[in-house]
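Survey of secondary and tertiary structure
What follows is the residue order along each chain.
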Amino acid sequence: MSTRLAKGGRLINRDRPLGIRFDGRWMRAYQGDTLASALLANGQLVMGRSFKYHRPRSVMACGPEEPNALMGIGQGGRFEPNRRATQQIVYEGLEARSQNAWPSLDFDIGRVNDWGARFLPAGFYYKTFLAPRPFWKHVFEPFIRRAAGLGAAPAEPDEDRYEYTYAHCDTLVVGGGIAGLLAARAASERGERVVLVEQAAHWGGRAPVDGVVIDDLPADVWVKNAMEVLEKAENVTMLPHCEGSGVYDHGYVLCNESLTDHIAEKAGPRQRVWRVRAKHVVTATGAIERPLAFPGNDRPGVVLASALRDYVVNYGVSLGDRTVIVTNNDDAYRTALALLEAGLQVPAIIDARGAADSTLVNEVRGLGVNVHLERGIAKVIGGDTITGVAVCLQAGEGAVLQEIGCDCIAMSGGWSPVVHLWSHCGGKLNWDEARAMFYPDPTRPPTDGNGEGFVTPIGAASGALTTAEVLANVAETMDIAAPATEAETPAPLAPIWMMPQGAGPELRAKMWLDYQNDVKVSDLRLAAQEGFESVEHAKRYTTLGMATDQGKLSNINGLAVLADRLDESIPKVGTTTFRPPYTPVTIGALAGEAKGDLFQPIRRTPLHDWHDANGAYWEPVGQWRRPYCYPKPGESHADAVAREVKNTRQSLGILDASTLGKLLVRGPDAARFLDMVYTNMMSSLKPGRCRYGLMCDENGFLMDDGVVARIDDQTFLCHTTSGGAEHIHIWMEDWLQCEWWDWKVHVVNLTEQFAQIALVGPSARNVLEALGGMDVSAGALPFMGWVEGRLGDFNVKVYRISFSGELSYEIAVPANQAQALWMALLEAGVADDITPYGTEALHVMRAEKGFVMIGDETDGTVIPQDLGLDWAVSKKKDDFLGKRGQQRAEFQKPDRWKLVGLETLDGSVLEDGAYAIADGTNDNGQTNTQGRVTSTYYSPTLERGIAMGLVANGPQRMGEVIKFTRIGKDPVAARIVSPVFYDPDGEKQNV
Amino acid sequence: MSDISVTALPPLGMITLRGDLVLLAKAVAKVTGCAKPDQRLSTTSNGCRLIWMSPDEYMLVCDHIDVADITAKISVALQKEFATIADVSDARAAFDLAGTEAQVALSRLVPVDFAAMAPTEVRRTRMAQVPAALWREGQGWRVICFRSVSRYAEDLLRNAART
Amino acid sequence: MLLLTCPNCGLSVEETELAPGGEAHVKREGPESSDPAFEEYLFLRDNAKGVHFERWRHAYGCGKWFLAARDTATLEVFGTYSAQTLEPPAHILDRIRERKDG
């Protein structure tokens, strides 16, 4: 049984007891405990259930590589699933829940999956998808849905907030073990800006646990001294609780700092993602111990040897009183020393190697521990708790030689450098045959913008496994003197990928490679047998190394089994791709500040607050918010739109048109330039006059439209669509900077400088005259004219243009005065029943007049000629953007879909986007089409549905009745008519 | 706790100047006294700040009330040149950040290496999801952005200043 | 995420401050051009794996366009240069040769 030891635990403070709750049960822990160590201290060995078979599982590791002990932490808006108990620091009141167990951790019905394990082999899902459909629906799906997934997704919105921070440095050191500390100090002493991050709460890594001595000082003391130096250095930023998560191009590294996950007080941001730009990245990420594949190696109580050492030394907890150690290398012998030192028993060390002669091994032997060479484990004995192991010959098929009583098994299959960060951005690996591990190839690093390597692995992450090797490696890499330590000569490791070597199918089906995903030796062999020979295919077929493992524990063992089955070498089989993040990052952290009001910028016009205060129903138009309509109490949106349209047509409406793009185009070549970017002739426009213009891309497709006003000989103001302001500005600058850079033209985007207010309707002139100061009579300011001057108390430009067909003025005023002008106009318009109207009334009125709208009538495949706008495409100009494109054969075809008006015979409103049905079907058996609806509205003016659409050869088919689709209903008949439904002669706007 | 204050400023005068920088600088110097700023830098004189915006653009920041006068004078000086002078005072919003941690707050929003920024440098950059420009003003920082996103910008700055 | 130096303002900035503009040095074909020439201009791009000349705009900064020579496979940047050029300048070509052959 796991328990707290009477003494020991360098990271816990026994004077600070804490209460935590696990599955509703209060438990006692100490400050400094991880959730895993606290649970062990309370005798809670089982911490989760496996993914597929729901087998009971305990901790396998003591750090981020832990596959089993995943917990739901917190409650309500602070609940998060899948946190590794080995990394979760406890605090007073911590709430933890076990996962993937139903109804309880101790008794889990899903365990039947285990007894039926032979029905859930590798590729189970894929094979199941081939099953007959009813079987899938009624049997497999409900079953899989119940069983699948790790933790439950949080049900409530995340209560916490998160933030990003940008950091720039010369050297980023990832990992605060002895290698990282030494490297950071070296970089600091060279005067570099250094950021040092460490995923754990404490510094120093494994060295203090392993009893390392550096410069004649115990590692703990050496680390403390190193820390003091770094903390004093002004050029070093040290971040504990901060994981190096991913390395990206050109020295970009994401690090995730946990701010409140480990404390009870949840004030301030929970996590901070550091977006680090480093000239150089030093990965001091250490190494991870590999499990051994023997039958029953997933049982609670089987643990990595180094992890057991960590639990005993760091937290003063044990998994059992009698621990059998099974290994293929020397390092596990350190665990024997740590256990004996803590007063625990080590009945035997089962060493698969033929020989083990080293100082360390002999020291352990000297303490009276029985070492069984050339042996392996054939079976783990016991029911819910381990009572012993059955020992066999490693070289045999598993015949039991003897049984040894124990309640814990510590295993070591050797060490693998943590190469994730090195590999994220393309660093390549070599295979070390002797140590059976992949390590970074220093000659093939990830490269930066200069083509130089920008990541340097050091210490264990580089493949240096003993302390002496680590210090020598850092010294050489950082060009400093190596601290003194005792050199070791471990006995060679024996690459053991399966124990025993000749295990038959029955034993192989009990050897776990990937604990989290329940992938066993038998699954990998089956995958190879079924042809999934590429490591990437085998991974996906078996799910080896998926989910949070990402190649940490399972990778090498899995590759080795695959290689063995394929009779290939391990480097030939290769590894799967290491992708960021190193451990899962919560979505909230990646969103950073972008939630709630800050989710995305909302653009507000200078009149936004007035609209808001006056009941505007908002419509998003790109990032802008524009009033769709202003419903009065009890009024539907449709009623409000109808009222706004009628009132505007009968008397007076007012519209906030501030979102319109306003580009000042100025210079000696301005007219020539506009002749190129518009399809019409702009150079012939007279100062004081306006002209409606079209812009096409080089394909010839209509891209934007708007009214151009000529200010003076060299100056134009080009209005664009609301959505077009930025990209048309960019478009113009592109041509000026990259094609016609000798032309003398400036473009200044004045969109936000001016508010624009449209005053629309028969009474519009009265109101302007009431404000006074400006002659707006038909003679002084005719249709398509503009004037600049003083209107009431305001400096304005007034454009007499109309998008509604009514007498209409658009008044531009500096944005800060918009509100005052708007109020003045409202006041002056009271007698004429002035009515603010929104975008929908604007749309209805423009559709009644047959005016096209970019984005409705156009979709990036429509040329002006398709819309009957030939009149706005100059035939005199030699060149303009889009001219060549429009000459292409496709656009000359007589059956192109062209703009027409559409009237249903029954007066109903056509569905938006509805297709016009043609005879017959296409090759796919779909009904042929001959057109589609582009704009469709109920016209309050005409009191029936009106629509515009593109119909094959439409303008030549006036009066013809064709049918349009309706969703869920029979098609509806509509007559092809002129798109101008209202005031076809334009008498109303030209008064 | 944070000691950062975020203040939304009343409208500043801002004038965009496009053209040959030597000619522009000469005209501006005559009117405001501001010397010619080098690439990315700014110069100040008589309450005005002349900011290098791009190889053919300056922005002159001044009191809102002086815009018409300064614009007129510069326009006269550049009458015969290929130059464009535009009042853009109403197109942008400005904020001041004060406090010892102000720069830390900004570093949560902009990908800027502040250590590499010259004292009078004006950094045009991306602030979370919108364009912004920032420079050192007195003991603190001044941030400008387009007016349509000023509430977003203010919310961003206040949020970043919270910790 | 790339870092590129904008030659117009001299700043090394990250990709999020820039906007990409596709292949550089594409010659515009106007109304008199043949169908194949126009097709080449409008649709056909090298899409090189390796050295690539490309357009970038310093969107969140000075707003100006510039050109970059970059290896699309290794992301090495051989240099950035003015958009007001018809072909890559000699020092950029030298740098590419030096890095590729050297």
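Here goes a summary of the coordinates provided. (Residues numbered from 1 in each chain as written. Chains lettered and ligands numbered in written order. Predicted model: local features only at pLDDT ≥ 70, side-chain atom pairs only at ≥ 80, totals over all residues.)

Within helix α4 (residues 150-160) of chain B, burial applies to B:Ser150, B:Tyr152, B:Ala153, B:Leu156, B:Leu157, B:Asn159 and B:Ala160. Tucked inside the fold, the buried residues of α4(B) contact β1 (5-8), β7 (92-98), α3 (102-106), β8 (123-127), β9 (130-137) and β10 (140-146) of chain B. (Buried ≥ 20, exposed ≤ 12 C-beta atoms within 10 Å, placed from the backbone. Helix = DSSP H or I, 4+ residues; strand = E, 2+ residues; numbered from the N terminus. Contact = placed C-beta atoms within 7 Å.)

Time to look at the sheet that holds strand β5 (residues 57-62) of chain B. Residues and elements named next belong to chain B. Within the open sheet, the five strands sit side by side as β3-β4-β5-β2-β6. Their pairing is antiparallel. Only two strands of the sheet have a single partner each, and these edge strands are β3 (42-45) and β6 (84-87). Mean inter-strand twist for the sheet, computed between neighbouring axes without regard to direction, equals 20°. Lying over the sheet, helix α1 (residues 21-32) contacts β2 (13-18), β3, β4 (48-54) and β5, oriented at roughly 15° with respect to β5. Across the sheet, helix α2 (residues 67-77) touches β2, β5 and β6, and the angle it forms with β6 is around 175°. (Pairing = 2+ DSSP bridges. Axes fitted to C-alpha atoms, helices over the stretch in contact; angles between N-to-C directions.)

With 29 residues of chain B at the interface, the matching set in chain A holds 29 residues. Among the elements of the structure, β2, β6 and α4 of chain B are those that each provide at least two residues to the side of chain B that touches chain A. At five residues, the largest contribution of residues to the side of chain B that touches chain A is made by α4(B). Of the residues in the side of chain B that touches chain A, the class split is 15 nonpolar, seven polar and seven charged. (Nonpolar A, V, L, I, M, F, W, Y, C, P; charged D, E, K, R; others polar.)

Residues and elements named next belong to chain A. Across its 12 residues, helix α5 (residues 178-189) extends 16 Å between first and last C-alpha, which sits within 8% of the 16 Å expected from 1.5 Å per residue. Listed in full, the buried residues belonging to α5 are Ile178, Ala179, Gly180, Leu181, Leu182, Ala183, Ala184, Arg185, Ala186, Ala187 and Ser188. Gly191, located one to two residues past α5, shows a positive phi value of around 85°. (Expected span 1.5 Å × (residues − 1).)

The next point concerns the nonpolar core. Of all hydrophobic cores here, the largest spans 192 residues; its most connected members are A:Leu759, B:Tyr58, B:Leu60 and B:Ala153. When residues of this core are assigned to their parent elements, the largest contribution, six residues, is made by strand β41 (residues 754-760) of chain A. Both domain 1 (5-9 + 91-160) and domain 2 (13-90) of chain B contribute no fewer than three residues apiece to this core. Other than its neighbours up to four places away in sequence, A:Leu759 contacts A:Ile654, A:Ala764, A:Val767, A:Leu768, A:Ser808, A:Tyr809, A:Ile811 and A:Leu825. (Core = buried A, V, L, I, M, F, W, Y, C linked by C-beta atoms within 7 Å. Domains from an automatic or database assignment.)

All names here are of chain C. Taken together, four strands build an open sheet; the order of strands is β3-β4-β5-β6 and the sheet is antiparallel. Both edges of this open sheet fall to β3 (19-23) and β6 (77-82), since each of them pairs with a single strand only. Strand-to-strand twist in this sheet, taken as the mean axis angle between neighbours without regard to direction, amounts to 30°. Pairing geometry for β3 and strand β4 (residues 51-57), over three bridges, is antiparallel. Paired with Ala19 across the two strands is Arg57, which belongs to β4. Contacting β4, β5 (65-71) and β6, helix α2 (residues 90-101) crosses the sheet at an angle of about 175° to β6.

The subject of this paragraph is unusual backbone geometry. Between A:Met499 and A:Pro500 the backbone carries a cis peptide bond, its omega angle lying at -5°. Relative to the elements of secondary structure, A:Pro500 occurs in the loop between α11 (467-478) and α12 (505-508). Across the junction of A:Pro580 and A:Pro581, the peptide omega takes the value -5°, indicating a cis bond. Positive phi outside glycine occurs at A:Asp215, with the angle close to 50°. Its identity is not glycine, yet C:Asn47 carries a phi of approximately 50°, on the positive side. Here C:Asn47 is to be found in the loop between α1 (35-42) and β4. With 8 C-beta atoms packed within 10 Å, C:Asn47 lands in the exposed category.

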